[in-house]
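The residues making up each chain are set out below.
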Amino acid sequence: MSKHEAKGSIVLELIIVLLVAALVAVILIPGKIWKEQEQEAKTAHSNMTAIYEALKYYKTLTGKYTSDPAELLNTIRADSNLMRKQKVVNYTRELIRNFNGYLNSPYVRNLMRIRINISQIIDDLESNRYHFRTVEEINNEANELKIQLGNYLNSPAMPDLVKVFSYLDSLNQIKQTLTDYTLQVNTMKIISAIDSLEKYLQNVDPIKAQEAWAPLSERIAIFDKKVKRSPINRVSSVADRVEDFRKRVDGSFEQISGLDIAAELQNIQQRNQALKDMYQKFLKDYNVTSQFALSKLSEADSLIVHLTEKNFYSPVNGQMYKILFDSDSQFVKIESPVLLDELKEKATPVAKEIEALPFMPIIEEYIKMVDSTLKKANEIRSKYRKNADMFIAYKELEDLKERFDNLTVITAANDLSQFVQIVPRCQSYSLLKENIEKTLNGVRVFNQAYSENVFGNLDSVNVKLLAKLDEFNEYLSKIKTRRRRATVPTLENERMALDSLLTAFKTVKDEQLIDKLNSLEKELEHLFVFAEEGKKIKVYGVFDKEIKNFGYIYKDVKSWEEEKKK
């Protein structure tokens, strides 16, 4: 019995371990999948943006676009202007690192903090005058403190410290306006200010400065307590802010008191020398360092500079991003290749079914006949351009043609025809998706038309079109009567063909056609859902991972950003 109990306990323990492992997997793996999906989308969007910006830059250099990644990369890498910008950024960052290294040396940093925080106290006391005036004692003390703090910063008893504060202000100003000057000018200004600063810094007596500050600090602390006990504290947080500034000054003096000043001065001199060495390096690269400082490239320039061959391929399926041009090559479109092949594969049999619909060749021929009839009418009008009646009749034909083109049934027929043509050669996921949606609406239009035997305004427009052709033919008949020997063309054959084609189009209906249209509608609905939502694949055996197309960039518009606005 004990053996059976031992076996049972082992099995139970194994089950518990497996259940715990499954629970951990259910908690951790979905999060990992979501992060992977998010990273893939982020990479795809970054890649497409980089290619798009690179192609725009390429066009400014060459006057055209290219679909060849090697040509694009080689041209960009050979562009001296872009490489110079990158070098300016590198130099600027090097200057900032050395400059910050100097300013962040403990002695300089704490003196800077003392100067800044005392100024902050003065500013806060000044900006809260309105509140202080409500309590006379506090107002008087605030005014007195401003005077005393100002005297401290400009004390005749500490002239070297006053000069140090002044040059620290200059260095702080240089740091804030770095990109307003060239690299060489910035470096000269920094070195000049630091040289002057160090001349006075070595004579500063930090103990004397701290002793002069101590009574001011105590007085500010007392002032803070009075403000906190007054009605002012309910409408302003000035007491808390002033207290924070005072404590920072106290803390900086405490840190300075623990420094080896001699070692600090030596460290500062070494950092100054590093800046001087950098200036000599800048002089040797005048063409670059004579440019304005630039802490970073623009987003577009940065993407272009860091573009590599790897950026041209999708992180999901390894296929190259689609680089597509308008017919006149004025604009370029960069699009994700993900799921395009699969969408085309699913759309191909649907396109063949649409092409095989019995009414499609008839309506296509009807539309072509309307176009050719109008073209012939224009040629006739041009031949007899002095005939005012014919000119007016033609203009009315043009108006009817515009109405004809906008008819729901005609729009639907054109959408179906375009879908059949575009599916085999389409290289744009978004274009194919758009055509699937239009085709779905088109199939619904024909389904309703044949089910209800109602074709919208097609009949009425066709009647008016035939009447206008009759009118046109009457004018031609009159011309023929006057010119018996002349050969006068007519539109009689076109009129008869239009009437015959429309009749044939409307009488195609049978039960099989309705069933076929219903079936096509469902197929297109499934196809559109796939195009819109993508698909899911199994990972780790049981978990789903979403695979979606990542969109496109066209005319500076990013499709994924537009989707977020909806």
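Residues numbered from 1 in each chain as written. Predicted model: local features only at pLDDT ≥ 70, side-chain atom pairs only at ≥ 80, totals over all residues. Heavy atoms only, no water.

All right, on to the nonpolar core then. Judged by nonpolar contacts, the single largest core of 99 residues is most densely connected at Phe359, Phe419, Phe446, Tyr450, Leu458, Phe472 and Phe505. Among all residues touching Phe446, those that are not within four sequence positions of it are Phe359, Val409, Ala412, Ala413, Leu416, Phe505 and Leu517. Within the second largest apolar cluster, 61 residues are counted, among which are Leu145, Ile190, Ala193 and Leu216. (Core = buried A, V, L, I, M, F, W, Y, C linked by side-chain atoms within 4.5 Å. Buried < 20%, exposed > 50% of the residue type's maximum accessible area, 1.4 Å probe, protein only. Contact = heavy atoms within 4.5 Å.)

In this section: the pattern of salt bridges. Side chains that differ in charge, positive against negative, can pair when their charged atoms come close. Tallied over the entire structure, the rule returns 35 salt bridges. A salt bridge links Lys401 to Asp371, with the shortest nitrogen-to-oxygen separation between them at 2.9 Å. With Lys401 in helix α16 (residues 388-405) and Asp371 in helix α15 (residues 360-383), the pair connects residues that are 30 residues apart, well separated along the chain. The exposure class assigned to Lys401 is buried, which follows from its relative accessible area of 13%. A salt bridge links Glu396 to Lys468, with the nearest nitrogen and oxygen atoms 2.3 Å apart. Of this pair, Glu396 sits in helix α16 while Lys468 sits in helix α19 (residues 458-482), and the two are 72 residues apart along the sequence. (Salt bridge = Lys/Arg side-chain N within 4 Å of Asp/Glu carboxyl O. Helix = DSSP H or I, 4+ residues; strand = E, 2+ residues; numbered from the N terminus.)

Applying the stated criterion across every chain yields a total of 14 aromatic pairs. Through a chain of ring-to-ring contacts, the aromatic side chains of Phe359, Phe446, Tyr450, Phe455 and Phe505 assemble into a single cluster. A cation over an aromatic ring shows up here: Lys346 above the ring of Phe530, its NZ or CZ 5.0 Å from the ring centre. Across from the ring centre of Phe331, 4.7 Å away, lies the NZ or CZ of Lys555, which sits over that ring. (Phe/Tyr/Trp six-rings, centres within 6.5 Å; stacked < 30°, edge-to-face > 60°. Lys NZ or Arg CZ within 6 Å of the ring centre and 35° of its normal.)

Here we take up the packing of helix α3 (residues 80-103) against helix α11 (residues 261-284). Put simply, α3 and α11 touch, their axes get as near as 9 Å, and they point 160° apart. With respect to their mutual orientation, α3 and α11 come out roughly antiparallel. Considering the relative orientation of α3 and α11, their crossing is left-handed. Facing Tyr91, Glu94, Leu95, Asn98, Phe99, Gly101 and Tyr102 of α3, the residues of α11 in contact are Ile268, Arg271, Asn272, Ala274, Leu275, Met278, Lys281 and Phe282. Here the contact of α3 with α11 is built from residues that sort into nine nonpolar, three polar and three charged. (Axes fitted to C-alpha atoms, helices over the stretch in contact; angles between N-to-C directions. Parallel < 35°, antiparallel > 145°, perpendicular 65-115°, else oblique. Left-handed = near helix turned anticlockwise from the far one by under 90°. Nonpolar A, V, L, I, M, F, W, Y, C, P; charged D, E, K, R; others polar.)

It is worth spelling out the side chain of Glu335 at this point. As for its placement among the helices and strands, Glu335 is situated in strand β2 (residues 332-335). Residue Glu335 is classed as buried on the basis of its relative accessible area, which comes to 0%. Here the side chain of Glu335 touches Tyr429 through a polar contact of 3.2 Å, landing on its backbone nitrogen. The residues touching Glu335, leaving out its near neighbours within four places in the chain, are Met48, Tyr321, Lys322, Leu324, Ser428, Tyr429, Ser430, Gly551 and Tyr552. (Polar contact = N/O pair within 3.5 Å; in protein donor to acceptor, adjacent residues only side chain to side chain.)

Before going further, it helps to spend a moment on the pairing of β2. Across the two faces of β2 the burial is the same, with Val332 and Ile334 and Lys333 and Glu335 all buried. Examined bridge by bridge, strand β1 (residues 322-325) and β2 share four bridges and lie antiparallel to one another. Each bridged residue has a counterpart across the sheet, and for Phe325 the counterpart in β2 is Val332. Counting the residues between successive antiparallel strands, the hairpin from β1 to β2 contains six residues, one of them, Ser329, with a positive phi of roughly 60°. (Pairing = 2+ DSSP bridges.)

Right, let's get into unusual backbone geometry. Residues other than glycine seldom take positive phi values, yet Leu339 does so here, at roughly 70°. Looking at the secondary structure, you find Leu339 in the loop between β2 and α14 (340-355). Even without glycine at this site, Asn453 takes up a positive phi of about 55°. Structurally, Asn453 can be placed in the loop between α18 (429-452) and α19.

Contact geometry of helix α17 (residues 408-422) with α18 gives a least axis separation of 8 Å together with a crossing angle of 135°. When the interaxial angle is binned, α17 and α18 end up oblique. Relative to α18, the crossing made by α17 is left-handed. Contact residues: Thr408, Val409, Ala412, Ala413, Asp415, Leu416, Gln418, Phe419 and Ile422 in α17; Leu431, Leu432, Asn435, Ile436, Lys438, Thr439, Gly442, Val443, Val445 and Phe446 in α18. A breakdown of the residues in the contact of α17 with α18 according to their chemical character gives 12 nonpolar, five polar and two charged.

This brings us to the environment of Val488. Secondary-structure assignment places Val488 in the loop between α19 and α20 (492-506). Residue Val488 is classed as buried on the basis of its relative accessible area of 10%. In this view, Val488 contacts Tyr384, Leu476, Ile479 and Lys480; residues no more than four positions away in its chain are not counted.

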